[in-house]
Amino acid sequence: MTYRVIALGCQMNISDSERVASVLQGAGYREAEREEDADILGVVACSVRQKAIDRIYSKIHEWNGWKAQRPLLTFVSGCILPEDERKFLRLFDLVFRIDDLPRLPELVRTYGVPVPVPSGVEPQRSVTLQHADDFWAIAPRYQSPHAAYVPIQNGCDKFCTFCAVPYTRGREVSRPAADILGEVTRLVENGYRTITLLGQNVNSYGKGLGDAGSAAGTPAFPTFAELLDEVGDVADTAAHRVWVYFTSPHPSDMSGDVLDAIAAHPSLAKQVHLPLQSGDDRVLIRMNRNYRLEDYRKIVGDIRDRLPTATLFTDLIVGFCGETEEQFAATREAMEEFRYHMAFIAAYSPRPGAAGSRWDDDVPQSEKKRRLHVLSEVLQRTALAHHERQVGATVDVFVEAEDRQPGLLLARTEGRIPVRLAGDAALVGSIVPATVTAARPLSLAAELSAAHTLAAAPAAAG
Amino acid sequence: MAQTLRLLSRRDVSDSAYVLRLERGDFSFAPGQYLTLGEAGGAETREYSIYSGMQDPYLEVLIKEVAGGSVSRRLRRLAPGSELRCDGPFGFFTLGNGLADRLADEHADRPLLWVATGTGIAPFHSFVTSYGDLDYLLLHGVRAPSECYEREAYPAERYLACVSEPNAAMPGPAEHRSFAGRVTAYLRHHAVAAGTRCFLCGNSAMIFEVFDLLKRQGVPSADIAAEVYF
């Protein structure tokens, strides 16, 4: 029996899909090369975004069409809103919350193709929340041999009014630190070069849990800064260079301790993603973001003081319900002030389930596009200024993949700035020095340093 | 965490607003936080600020039945003993956490201004029920006196109804003062004293207006905590 799992969504969905693959593999199923060859087809998706929803429907209609020709079991999991769950039950054979992943083999056996369901037994096609610990215990089947995502937390308690995550993934649950450190240690030992700690609000990790579950004086849930410190201790002592990232933190939980931990460990990458969302206090209130621009400004000041080489990324939403021209202008000014290296800018669209979906989506689409365009221009300008200062410098880059253009490689600096450079494919997965030759608005061009211009093997690289 | 709690009772506090009292279970919260509530087995839930006090052996929420609203209508029709799905607590609008906490901790001796519209009075009711001695003035924006939900819970000198409906008479004891006009009109004529910590809860139109007004009066935005109802 074979399976194929696809992820439609963010890094969290990709990370979830790695665990789904691991569970199916553990149950004796093999991964199929193509969807067309699989006996079990699953999608780990985000029902928070309309675009992802459209793709889920497109996939399941295609898959259900194949059922006339051959036995096929389909499932969906990930971030699913309750109303979508009911719709999906009409289209997919199995629908389950990602926390219930450990029960997937049981569901497949009960309902699936391999073992027929005894007559009179109603198959349980949708299961309810079990124990998050069982989910964390699943060793993922990583998609990359060089770069890994490590979830440290699931769910969200912040209830930002533009976001439906609390309704799709439930309450914020922190993963025990010992599990996280175990996974990070294994990744480091297996030669991984980048590790990204994942969560909806990573820096509220362990918040309110105190010494819960502590044994022998070691808290099961330290603070996020303490966790970073421990992860840094592991990664600093690796036999090769490792860059550890985390995403996304929430400004209201961003403490100086976190920045100090990043500063103290060479392996903790000097890059901070700090979602601003809006530069106007009234919009922040309406978004239920629990910080003011002044609070955010102070954090950025701390980042620039304590981590002078760090790159700063952000998330922004334009055209949120009721956003006036004046309020948008405050966001534009904030962007100019904070001089981001990268910003993920979205035009607001109502997320079913989120509180904001009950308000008027009253900024016209054309105006949202215009505002998005204005902010994109600011970003390109501020990022280019940062990049121009890098020209001529030699920086370490992590080679992620080969470019579509033969002979070129795609890499990223420690600060996660994309870099294109000529080089041998054997360098993929290594961290190598490169000299920046040109600056572009959102990327850099570079040349490998002399020692790596010949077909250097990754073992020889950093 | 999510749990199923039984409905103990309902008391109507106006034609359209009511208080649901639920068993407490092991639900702990800080005054000012909210919970999500829906029928057990139902898919829909809504967020409601907790109305009761920290020490009360039960949980209470203040709900206004919304025309066309599905959850608020169904909850009102539930019989005592019905099971409700409850999750929480959530939120930062407290005197002991987040932004509001910072205001509380750093300057505990400063006066408090609380501004509510309609059922936005719920977290302030929880503050008053939970904490004994607070130096506050509560401005309650209502359309009509009937929306002054359980105003006897507040000392007369600390509760001021701002009644927006013209010519609305204020029934009840004479010591209960009222102001004819919106909370914003009151604040325009009564500038906030320096050092006051301000907490706003209710509809976003009021919060935006009051926020701007307070800023113009020199209140730093860091001294304004807000909870938007939707």
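A brief look at the structure comes next. (Residues numbered from 1 in each chain as written. Chains lettered and ligands numbered in written order. Predicted model: local features only at pLDDT ≥ 70, side-chain atom pairs only at ≥ 80, totals over all residues. Heavy atoms only, no water.)

1. Re the interface of chain B and chain A
Facing the 28 residues of chain B at the interface are 19 residues of chain A. Together chain B and chain A conceal approximately 2200 Å² of surface at their shared face, both sides included; 57% is due to carbon and sulfur atoms. Summed over the three residues of chain B that lose the most area to chain A, namely Phe92(B), Phe208(B) and Phe230(B), the buried surface amounts to 30% of that side. Connecting chain B to chain A are three salt bridges. Here Glu47(B) and Arg358(A) are joined by a salt bridge, their closest N and O atoms 3.4 Å apart. On inspection of chain B and its partner chain A, the count reaches seven residue pairs in polar contact (both at pLDDT 80 or more). Counting residues per element, the ones that place at least two in the side of chain B that touches chain A are strand S3 (34–39), strand S4 (46–49), strand S6 (83–90), helix H2 (98–106), helix H5 (204–216) and strand S12 (224–229) of chain B. (Contact = heavy atoms within 4.5 Å. Buried area = accessible area lost by both parts, 1.4 Å probe. Salt bridge = Lys/Arg side-chain N within 4 Å of Asp/Glu carboxyl O. Polar contact = N/O pair within 3.5 Å; in protein donor to acceptor, adjacent residues only side chain to side chain. Helix = DSSP H or I, 4+ residues; strand = E, 2+ residues; numbered from the N terminus.)

2. Quick look at unusual backbone geometry
Residue Thr247(A) is joined to Ser248(A) through a cis peptide bond whose omega torsion reads -10°. Note that the residue after Gly88(B), namely Pro89(B), is joined by a cis bond; omega there is 5°. Relative to the elements of secondary structure, Pro89(B) occurs in strand S6. Although it is not a glycine, Arg339(A) adopts a positive phi angle of roughly 45°. Secondary-structure assignment places Arg339(A) in the loop between helix H12 (325–338) and strand S13 (342–347). Exposure remark for Arg339(A): the relative accessible area of 37% places this residue in the partly exposed category. In this structure, Arg416(A) is a non-glycine residue whose phi angle is positive, near 70°. As for its placement among the helices and strands, Arg416(A) is situated in the loop between strand S15 (408–413) and strand S16 (418–422). Judged by its relative accessible area of 21%, Arg416(A) falls in the partly exposed class. (Buried < 20%, exposed > 50% of the residue type's maximum accessible area, 1.4 Å probe, protein only.)

3. A few points about the pairing of S3(B)
Residue and element names in this part refer to chain B. Most of S3 sits out of view: five of its six residues are buried. The pairing of S3 with S4 spans four bridges and is antiparallel. Paired with leucine 35 across the strands is tyrosine 48, a residue of S4. Hairpin geometry of S3 and S4 is characterised by an intervening segment of six residues between the two adjacent antiparallel strands and by a positive phi of about 90° at glycine 41. For S3 and S6, the ladder comprises five bridges, and the chain directions are antiparallel. For threonine 36, the partnering residue across the bridge sits in S6 and is aspartate 87. (Pairing = 2+ DSSP bridges.)

4. Describing the side chain of Thr74(A)
Residues and elements named next belong to chain A. For threonine 74, the location among the structural elements is in strand S4 (residues 73–79). The class for threonine 74 is buried, based on a relative accessible area of 0%. Not counting chain neighbours up to four residues away, the residues in contact with threonine 74 comprise Leu41, Ile60, Trp63, Asn64, Lys67, Leu91, Phe92, Asp93 and Leu94.

5. Observations concerning the sheet that holds S4(A)
Residues and elements named next belong to chain A. Ordered in space as S2-S1-S3-S4-S5, the five strands form an open sheet in which the pairing is parallel. Because the sheet does not close on itself, it has two edges, and the strands there are strand S2 (30–31) and strand S5 (94–95). Relative to S2, strand S1 (residues 2–8) is paired through two bridges, and the arrangement is parallel. Among the inter-strand pairings, threonine 2 is bridged to a residue of S2, identified as arginine 30. Against the sheet, helix H1 (residues 11–26) touches S1, S2, strand S3 (40–46) and S4, its axis set at about 170° to S1. Each of S1, S3 and S4 is contacted by helix H2 (residues 50–66), which is oriented at about 170° to S3, the strand it contacts most. (Axes fitted to C-alpha atoms, helices over the stretch in contact; angles between N-to-C directions.)

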